[in-house]
Amino acid sequence: MDKSKRPFLKSKRSFRRRLPPIGSGDRIDYRNMSLISRFISEQGKILSRRVNRLTLKQQRLITIAIKQARILSSLPFLNNEKQFERTESTSRTAGPRTRNK
């Protein structure tokens, strides 16, 4: 049999199956901060499904829970650590302004 006419063969390399990030006992809720915080980036953004390895239904529930937690102020809308560093470095003089006429 010619090489070009061989059917495509999958490699028999074994791979380790990743565990799902949400177990069957975990409840997706806005009060479950330990679960919700795993799906938020350092900047405070919601991570995508590809990064999280979640199903569509789980991603929707996580997104709703994060938004509810933000509205109820148990979770910040964004991480302001860099913003504070920037405001400290740009100090302005507090003198009165004078107009040139």
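Residues numbered from 1 in each chain as written. Predicted model: local features only at pLDDT ≥ 70, side-chain atom pairs only at ≥ 80, totals over all residues. Heavy atoms only, no water.

Put simply, the rule reads: UniProt positions are given in the numbering used here, feature names are shortened, and annotations may be inferred rather than shown by experiment.
An unreviewed UniProt entry annotates the chain as Small ribosomal subunit protein bS18c originating from Nelumbo nucifera. According to the UniProt record, the Sequence similarities (unreviewed entry) comment for the chain reads "Belongs to the bacterial ribosomal protein bS18 family." Turning to the chain, the UniProt annotation filed under Subcellular location (unreviewed entry) states: "Plastid, Chloroplast".

### Here we look at the confidence of the model for the chain
The line we're drawing: Confidence scores per residue from the predictor, reported as pLDDT, run from 0 to 100. Helix numbering and strand numbering both begin at the N terminus, where a helix is a DSSP run of H or I of at least 4 residues and a strand a DSSP run of E of at least 2.
Mean pLDDT over the chain: 78, with 64% of residues reaching 70 or higher. Considering each helix and strand of the chain separately, the mean pLDDT is smallest for helix α4 (residues 81-89), with a value of 53, and largest for helix α3 (residues 56-71), with 94.

### Some words on the side chain of Arg70
Quick note on the threshold: Whether a residue is buried, partly exposed or exposed follows from its accessible area with a 1.4 Å probe, protein chains only, as a fraction of its type maximum: under 20%, in between, or over 50%, in that order. Residues scored as charged are limited to Lys and Arg (positive) and Asp and Glu (negative), so that His and the chain ends carry no count. Any Lys or Arg side-chain nitrogen found within 4 Å of a carboxyl oxygen on Asp or Glu counts as a salt bridge. In this description, contact between two residues means that some pair of their heavy atoms is separated by no more than 4.5 Å.
Note that Arg70 resides in helix α3. We note that Arg70 is buried and unpaired, the nearest opposite charge coming from Glu42 at a distance of 14 Å. Look past the residues within four positions of Arg70 in its chain and what remains in contact with it is Gly44, Lys45, Ile46, Leu75, Pro76 and Phe77.

### Regarding unusual backbone geometry
Its identity is not glycine, yet Arg53 carries a phi of approximately 60 degrees, on the positive side. Following the sequence through the fold, Arg53 ends up in the loop between α2 (49-52) and α3. Residue class for Arg53 comes out partly exposed when judged on its relative accessible area of 40%. Its identity is not glycine, yet Ser73 carries a phi of approximately 65 degrees, on the positive side. Residue placement: Ser73 occurs in the loop between α3 and α4.

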